[in-house]
Amino acid sequence: MTTVSPALLCALPKAELHIHIEGSLEPELIFALAQRNGVALPYDSVEALRAAYAFTDLQSFLDIYYAGASVLLKEQDFFDMAMAYFERAAQDNVVHAELFFDPQTHTERGVPIGVVIEGLTRARREAQARWGISSALILCFLRHLSQASAFETLEAALPWRDHFIGVGLDSSELGHPPEKFAEVFARCRELGLHVVAHAGEEGPPAYIWSALEVLKVERIDHGVRAIEDAALMQRLAAERVPLTVCPLSNVKLCVYPHMSQHQLPALLAAGLACTINSDDPAYFGGTMNANWLATFEALPQLGLAEARKLALNSFEASFVDEATKAGWRRKLEEVLAIGVEVVNGTKPG
Ligand SMILES: Nc1ncnc2[nH]cnc12
Ligand SMILES: [Zn+2]
């Protein structure tokens, strides 16, 4: 049992830095969009689709994730998908979200990249106006495709350069090490884009090293296999390289057999700047707060100090200005102060 009240965990302001927007597509919305767009699905009901969400590894998930994304065709589809995400994120007290999107998943099906970016951008603006949630886009290259395809995607996206703040690297990790994308990441850095990459989810610590040294990433997405390499742990801690950890994802994709075996407490104790994120919430059993609750529930080593640290790390690791971060920190301390008084019985709940 967690020592921190679930209500307090849910109330904490937090930033979400690892969410694939295509992974927020709930089965109900997949079916609604399939019908709206006349797309045939290989499942005859929402229940049948949900029943297929029994993954054995990353690839078994990706096959279904790309099938789900095939219903996205129009600007309105991307808008609707992102609005559904933002509404749930706002309920979870996410104050800021940096969204990954996978243009190649859509351009390969003939959807123009502008349709993708403009739908997501309209949703970002509407979410800011409606729920006060700030956000940014990070364009991800699919690592199972070639570096030439990544370059083409970058070129195609450049007319919308001011709509995204950075690039990332996702999809099938094993056999596709970061160094495969050395030149395109160098070009992105020259363009002033932030750079992040998935590494050490299924792949070995060597992939985290090359993400740092070859791609020169500012954050590592997942990174949990760093625990296997003491020198790497020291480097990540000394440089405060953030890890965007996704606990429910790691359990669903069998990186850990059970949440109680998750290495987040050890990573935090070693001084790594870990954050909690949902990855693909529609597929892995929940949004930000579901991740926070499941993690604290299964890992009694995590208490109030770690909750505060995880929220602070999410602010520190985000790509926003210092004044905005300071505002979020003040808000966090206010919520913590009220929450602790409620738990101690000095304030009515
Ligand atoms: N967890 C994950 N790892 C790699 N690529 C992804 N694309 C969507 N989710 C992903
Ligand atoms: Zn991911």
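Our subject is the structure that appears above.
Everything in this summary refers to the structure shown in the same document. The residue numbers shown here count from 1 along each chain, following its written sequence. Key to labels: chains lettered from A, ligands numbered from 1, both in the order written. Reporting in this predicted model follows two pLDDT cut-offs: at least 70 for local features of residues, and 80 or more for side-chain atom pairs to be given and counted; totals over whole chains, interfaces and linings ignore these cut-offs and use all residues. To get the side-chain values, take all heavy atoms of the structure and skip hydrogens and water.

1. Concerning the environment of Phe-284
Then, in step 1: Note that Phe-284 resides in helix 14 (residues 281-284).
Then, in step 2: On the accessibility criterion, Phe-284 (1% relative accessible area) is buried.
Then, in step 3: Between the alpha carbons of Phe-284 and Ser-24 there is a distance of 9.7 Å; along the sequence they are 260 residues apart.
Then, in step 4: By the convention used here, residues are in contact when the closest approach between their heavy atoms is within 4.5 Å. For Phe-284, the contacting residues outside a window of four places in its chain are Phe-55, Phe-61, Leu-248, Ser-249, Lys-252, Leu-253, Ser-278 and Asp-279. Secondary structure elements follow DSSP: runs of H or I of four or more residues count as helices, runs of E of two or more count as strands, with numbering from the N terminus. Burial status follows relative accessibility: with a 1.4 Å probe on protein chains alone, a residue under 20% of its type maximum counts as buried, one over 50% as exposed, and anything between as partly exposed.

2. Quick word on the sheet that holds strand 7 (residues 242-245)
Then, in step 1: Here, a strand pair is defined by DSSP locating no fewer than two bridges between the strands. With respect to topology, eight strands assemble into an open sheet ordered 1-2-3-4-5-6-7-8, the strand pairing being parallel. Pairing within the sheet leaves two strands with one partner each, and these edge strands are strand 1 (14-20) and strand 8 (273-276). Each neighbouring strand pair of the sheet contributes to a mean axis angle of 25°, computed without reference to strand direction.
Then, in step 2: As defined by bridge partners, strand 5 (residues 194-199) adjoins strand 6 (residues 219-222) across four bridges and the pair is classed as parallel. Across the sheet, residue Val-196 finds its bridge partner in strand 6, namely Arg-219. Axis geometry follows a simple rule: fit a line to the C-alpha atoms, using only the stretch in contact for helices, then measure angles between N-to-C directions, giving values from 0 to 180 degrees.

3. Overview of the packing of aromatic side chains
Then, in step 1: Each pair of aromatic rings taken from Phe, Tyr and Trp, with Trp reduced to its six-membered ring, is defined by centres within 6.5 Å and is described as stacked if the planes are under 30 degrees apart, edge-to-face if over 60, and tilted in the remaining cases. Applying the stated criterion across every chain yields a total of 13 aromatic pairs.
Then, in step 2: An angle of 90° between the planes, with centres 6.2 Å apart, marks the rings of Phe-55 and Phe-284 as edge-to-face. Placement of Phe-55 in the loop between helix 3 (46-51) and helix 4 (58-69) and of Phe-284 in helix 14 is noted, with a sequence separation of 229 residues between them.
Then, in step 3: Taking relative accessible area as the criterion, Phe-55 reaches 7% and is therefore assigned buried.
Then, in step 4: Note on Phe-141 and Phe-185: the rings are 6.1 Å apart at their centroids and 70° apart in plane angle, and the pair reads as edge-to-face. Placement of the pair is Phe-141 in strand 3 (residues 134-142) and Phe-185 in helix 9 (residues 182-190), with a sequence separation of 44 residues.

4. Details of the site of ligand 1
Then, in step 1: In this text, near means that some heavy atom of the residue lies within 4 Å of the molecule or strand in question. As a structural note, the neighbourhood of ligand 1 is formed by His-20, Leu-58, Phe-61, Leu-62, Tyr-65, Asp-170, Ser-171, His-198, Glu-201, His-222, Asp-279 and Asp-280.
Then, in step 2: Under the rule applied, a polar contact is a pair of N or O atoms within 3.5 Å (in protein, one hydrogen donor and one hydrogen acceptor; residues adjacent in sequence only if both atoms are side-chain atoms). Here Glu-201 contributes a side-chain N or O atom positioned 2.8 Å from a nitrogen atom of ligand 1.
Then, in step 3: Residue Asp-279 places a side-chain N or O atom 2.7 Å away from a nitrogen atom belonging to ligand 1.
Then, in step 4: For the accessible areas, the method is Shrake-Rupley and the probe is 1.4 Å, while residue cover comes only from the protein chains on display. If ligand 1 stood free it would expose 260 Å²; the protein chains cover 100% of that surface.
Then, in step 5: Of the residues forming the shell around ligand 1, the biggest block, four residues, is contributed by helix 4.
Then, in step 6: Residues are sorted three ways: Asp, Glu, Lys and Arg are charged, Ala, Val, Leu, Ile, Met, Phe, Trp, Tyr, Cys and Pro are nonpolar, and all the rest, Gly among them, are polar. Its residues placed into classes, the shell around ligand 1 shows four nonpolar, four polar and four charged.

5. Some points on the side chain of Ser-210
Then, in step 1: In this structure, Ser-210 sits in helix 10 (residues 205-213).
Then, in step 2: Here the side chain of Ser-210 touches Tyr-207 through a polar contact of 3.4 Å, landing on its backbone oxygen.
Then, in step 3: With residues near it in sequence (within four places) discarded, Ser-210 still touches Pro-178, Glu-179 and Leu-215.

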